[in-house]
Amino acid sequence: MAGTIRLTLKKSLIGAKAKHRATIRGLGLRRLNHTVEREDTPQVRGMARSVDHLVEIEDAQ
């Protein structure tokens, strides 16, 4: 089992690139301070890494 990571949207998407908005949407984040838990896979890590200036990433066990 890979475990999970917790992602929280910390910055607004106003003025963000369309590609970053789509990535945030793909991760399941909808509004500021919204938190989701996703499976810790290389694909999810890569998506989170591409928008790391907008989200807070924590390991969740």
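Further up the page is the structure itself.
Each residue is numbered by its place in its chain's sequence as written, counting from 1. With pLDDT at 70 or above as the cut-off, local features in this predicted model cover only qualifying residues; side-chain atom pairs require 80 or more to be listed or tallied, and sums for whole chains, interfaces and linings still use all residues. For the side-chain quantities, the full set of heavy atoms in the structure was used; hydrogens and water were omitted.

**Details of the sheet that holds strand β1 (residues 4-9)**
Here, strands pair whenever DSSP counts at least two bridges between them. Numbering of helices and strands runs from the N terminus, with a helix taken as a DSSP run of H or I at least four residues long and a strand as a DSSP run of E at least two residues long. Here we have 3 strands laid out as an open sheet, ordered β2-β1-β3, and antiparallel in their pairing. Each end of this open sheet is capped by a strand with a single partner; those strands are β2 (35-39) and β3 (55-60). Neighbour to neighbour, the strand axes of the sheet diverge by 25° on average, direction disregarded. In the sheet, β1 pairs with β3 via 6 bridges, with the strands oriented antiparallel. If you follow Thr4 over to β3, its bridge partner there is Ala60. Note on definitions: a residue-residue contact is assigned when non-hydrogen atoms from the two residues lie within 4.5 Å. Geometry is summarised by axes, namely lines fitted to C-alpha atoms with helices restricted to the contacting stretch, and by angles between N-to-C directions that run from 0 to 180 degrees. Where helix α2 (residues 42-50) meets the sheet, it contacts β1, β2 and β3, and its direction lies at approximately 150° from that of β3.

**Notes on the side chain of His34**
If you trace the backbone, His34 turns up in the loop between α1 (18-27) and β2. With a relative accessible area of 17%, His34 lands in the buried category. Leaving out residues up to four positions away in the same chain, His34 has contacts with Leu7, Thr8, Leu9, Gly28 and Leu29. Buried means the residue's accessible area, taken with a 1.4 Å probe over protein chains only, is under 20% of the maximum for its type, while exposed means over 50%, and partly exposed covers the values in between.

**A word on the packing of α1 against α2**
Between α1 and α2, the least distance of the axes is 9 Å, while the angle of their chain directions is 140°. Put simply, α1 runs oblique to α2. The element α1 and its partner α2 pack so that their crossing is left-handed. Every residue of α2 that contacts α1 at His20, Thr23, Gly26 and Leu27 is listed here: Val44, Met47, Ala48 and Ser50. When the residues that make up the contact of α1 with α2 are grouped by side-chain class, the tally is 4 nonpolar, 4 polar and no charged. Note on angle classes: values under 35 degrees are labelled roughly parallel, values over 145 roughly antiparallel, values of 65 to 115 roughly perpendicular, and the remainder oblique. Crossing handedness is read from the near helix: turned anticlockwise from the far helix by less than a right angle, it gives a left-handed crossing, and turned clockwise, a right-handed one. When residues are grouped by polarity, Ala, Val, Leu, Ile, Met, Phe, Trp, Tyr, Cys and Pro land in nonpolar, Asp, Glu, Lys and Arg in charged, and all others, Gly among them, in polar.

**Observations concerning unusual backbone geometry**
Phi is positive for Asn33, which is not a glycine, with a value near 65°. You can see Asn33 is positioned in the loop between α1 and β2. Given the relative accessible area of 53%, Asn33 is considered exposed.

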